[in-house]
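# Observations on chain architecture
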Amino acid sequence: MTEATLDERADALERKMSDELDVLISKSALFNMADGKLGPTKMGQGMAAGAGKYYLMGDDPRLPKMPDRPTLLDFFKYRAAGTNHLLQSANLALKKDMPEKIVLACLLHDIANALFIKSDHGYWGAQLIEPYVDEEVSWAIRAHQALRFFPDDSVGYAYPEMYVKNFGADYVPDAYIEHDYQVARDHKWYMTARMITVHDLYAFDPNVVVTWEPFVDIVGRHFRQPEEGLGFDNSPSAHMWRTIRRPTKYL
Ligand SMILES: [Fe+2]
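Residues numbered from 1 in each chain as written. Predicted model: local features only at pLDDT ≥ 70, side-chain atom pairs only at ≥ 80, totals over all residues.

Turning our eyes to something else, we now look at the overall build of the protein chain. Tallying secondary structure elements over the protein chain gives 13 helices and two strands in all. Dimensions along the principal axes, computed over C-alpha positions, put the protein chain at roughly 65 × 45 × 35 Å. Out of the 251 residues in the protein chain, the part that is buried amounts to 29%. Taking as baseline every contact in the protein chain between residues at least 6 positions apart, the subset at least 24 positions apart corresponds to 67%. (Helix = DSSP H or I, 4+ residues; strand = E, 2+ residues; numbered from the N terminus. Buried ≥ 20, exposed ≤ 12 C-beta atoms within 10 Å, placed from the backbone. Contact = placed C-beta atoms within 7 Å.)

Moving on, we come to the packing of helix α8 (residues 135-147) against helix α10 (residues 175-185). As a packed pair, α8 and α10 sit with axes 8 Å apart at the nearest point and diverge in direction by 120°. If you check the angle between α8 and α10, you find them oblique. Handedness of the crossing formed by α8 with α10: left-handed. Where α8 abuts α10, its residues A143, A146 and L147 lie against I177, D180, Y181 and A184. Residues of the contact of α8 with α10, tallied by class, amount to six nonpolar, no polar and one charged. (Axes fitted to C-alpha atoms, helices over the stretch in contact; angles between N-to-C directions. Parallel < 35°, antiparallel > 145°, perpendicular 65-115°, else oblique. Left-handed = near helix turned anticlockwise from the far one by under 90°. Nonpolar A, V, L, I, M, F, W, Y, C, P; charged D, E, K, R; others polar.)

Within the element layout of this structure, A29 appears in helix α2 (residues 29-34). Remark: the alpha-carbon pair of A29 and G39, spanning 10 residues in sequence, is separated by 7.5 Å.

Another aspect to go through is the nonpolar core. Among the nonpolar cores identified, the biggest contains 41 residues, and A90, L104, A105, C106, L107 and A140 are the most heavily contacted of them. Secondary-structure elements contributing two or more residues to this core are α3 (72-79), α4 (84-95), α5 (100-108), α6 (111-115), α7 (121-129), α8, α11 (190-199) and α13 (238-245). (Core = buried A, V, L, I, M, F, W, Y, C linked by C-beta atoms within 7 Å.)

Turning our eyes to something else, we now look at the packing of α4 against α5. One can describe the packing of α4 onto α5 by two numbers: an axis separation of 7 Å at closest approach and a directional angle of 165°. In terms of orientation, α4 lies roughly antiparallel with respect to α5. In the crossing of α4 with α5, the sense of the turn from one axis to the other is right-handed. Facing α4, whose interface residues are L86, S89, A90, A93 and L94, α5 presents I102, V103, C106 and L107. Of the residues that constitute the contact of α4 with α5, the class distribution is eight nonpolar, one polar and no charged.

Moving on: unusual backbone geometry. Positive phi values are uncommon outside glycine, yet D97 reaches one of about 55°. Turning to its location among the elements, D97 is positioned in the loop between α4 and α5. By the C-beta count within 10 Å, which is 8 here, D97 ends up exposed. Non-glycine residue N234 carries a positive phi angle of around 60°. Positionally, N234 belongs in the loop between α12 (216-222) and α13. We classify N234 as exposed; it has 10 C-beta atoms within 10 Å.

Between its first and last C-alpha atoms α8 spans 18 Å; for 13 residues at 1.5 Å apiece the expected length is 18 Å, and the two agree. For α8, the buried fraction is high: 11 of the 13 residues fall into the buried class. Those residues of α8 lying buried are V137, S138, W139, A140, I141, R142, A143, H144, Q145, A146 and L147. On the buried face of α8, the contacting elements are α5, α7, α10 and α11. (Expected span 1.5 Å × (residues − 1).)

Moving on, we come to the environment of G231. Mapping G231 onto the fold places it in the loop between α12 and α13. For the pair G231 and L63, spaced 168 residues apart in sequence, the C-alpha separation works out to 17 Å. Sequence-distant contacts of G231, defined by excluding residues within four places in its chain, comprise P70, A238, W241, R242 and R245.

So this is what it looks like as structure tokens:
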């Protein structure tokens, strides 16, 4: 008997997990790509719907249940991969008496990483919150992605050492990042985006615990929370919130 490859064992494990649920769960193409795979979805593969089991069209039973009308803070509470980086960055901006708009931008600048996707996170994050915040805030969040790679001595912002460590000393940003940096450089809101990078804190004191408490009122004043709940207000990004809420919905 040949030994099962790692891939085959992973697939078997996923099938077993699916077997134990009352529903069939399929993986979106992007989730498979994250595992370096193309092709048909794995979970539920080989299983036809029926015999009492159907593909998931609602909440994923493996994830925490969300309120019917979720707020921004609910998404962070029930879906975030981690919020410490955002809270620490916003806390630094708060301590330096930055305007509330900048504190909010710092609080939400990596919302895409926390809730959705890392690749092109600044662009996704800006799009996600665009209908609910001042245009300057979403513009700055979009621009911070490019600005992070370019120093600005006038405010003491250097190329992050962490980038050297993570991407290598010879890393050169993609052409579109360089382009978007040049565009942002001449924009009236350049400094707002630059302030995100100045407060973008990775080397924070791990013993300092920052809670949401100092930011609840700032969010209340500057984030237009829809009454119907995020995902149900027909905004241009409502579908994105719904996908974060139900990432494995079959269609
Ligand atoms: Fe970022």
